[in-house]
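# Survey of secondary and tertiary structure
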Amino acid sequence: MIRHDCELCSQQGGDVVFRSEKWRVLMVNDADHPGFCRVVWNEHVGEMTDLQPLEREQLVEAVWQVEAAMRAVMRPDKINLASLGNMVPHLHWHVVARYADDAHFPAPIWATAARKTEPAVIDKRIALLPVLRTEIVRRLKLADQAREAV
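Residues numbered from 1 in each chain as written. Predicted model: local features only at pLDDT ≥ 70, side-chain atom pairs only at ≥ 80, totals over all residues. Heavy atoms only, no water.

Going through the model one piece at a time under the given rule, you end up with one aromatic pair. Geometrically, the ring pair formed by F18 and W23 is stacked, given 5.6 Å between the ring centres and 25 degrees between the ring planes. Per residue, the accessibility class of F18 equals that of W23, and both read buried. In this structure, R125 is placed above the aromatic ring of Y99, and the distance from its NZ or CZ to the ring centre is 3.5 Å. (Phe/Tyr/Trp six-rings, centres within 6.5 Å; stacked < 30°, edge-to-face > 60°. Buried < 20%, exposed > 50% of the residue type's maximum accessible area, 1.4 Å probe, protein only. Lys NZ or Arg CZ within 6 Å of the ring centre and 35° of its normal.)

Have a look at this one:
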């Protein structure tokens, strides 16, 4: 089901990095958090338990693959994973690389900024985004091939 009053149904929600039949990976344009990704279920559902067990497995496998790619390429101090949906009640996961020097660390990225990250540091992280995109796609294609081989 697609709802026209839902921003993740009516819009992409970011730059599409990878799309499967059931879900998509988006890179969000966030100046404070380069590489911020969302893994979004394509149909409008609100909760993980609205999915069938196999669908849940596929969605969280995508989240894990995005996390692994982000860790390999971005080398963050921490990865934050969140599935909130309070503002947009459409099932999606946030995958966010966190650094001790980011504007919000150690608070959530939605908190008031505690500092300003040096522009040169942000620029270095932005420069990694093409490599991150490539690594996300590579890992998700390998995961698809492994699933199809079973």
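Having seen the model, we can carry on.
Time to look at the nonpolar core. Formed by 30 residues in total, the largest nonpolar core has its most connected members in W23, V25, V39, L59, M70, L132 and I136. The dominant element in this core, judged by the number of residues it contributes, is helix α2 (residues 53–74), at nine residues. When neighbours within four sequence positions are excluded, V25 is seen to be in contact with D15, V16, V17, F18, R38, V39, V66, I136 and L140. (Core = buried A, V, L, I, M, F, W, Y, C linked by side-chain atoms within 4.5 Å. Helix = DSSP H or I, 4+ residues; strand = E, 2+ residues; numbered from the N terminus. Contact = heavy atoms within 4.5 Å.)

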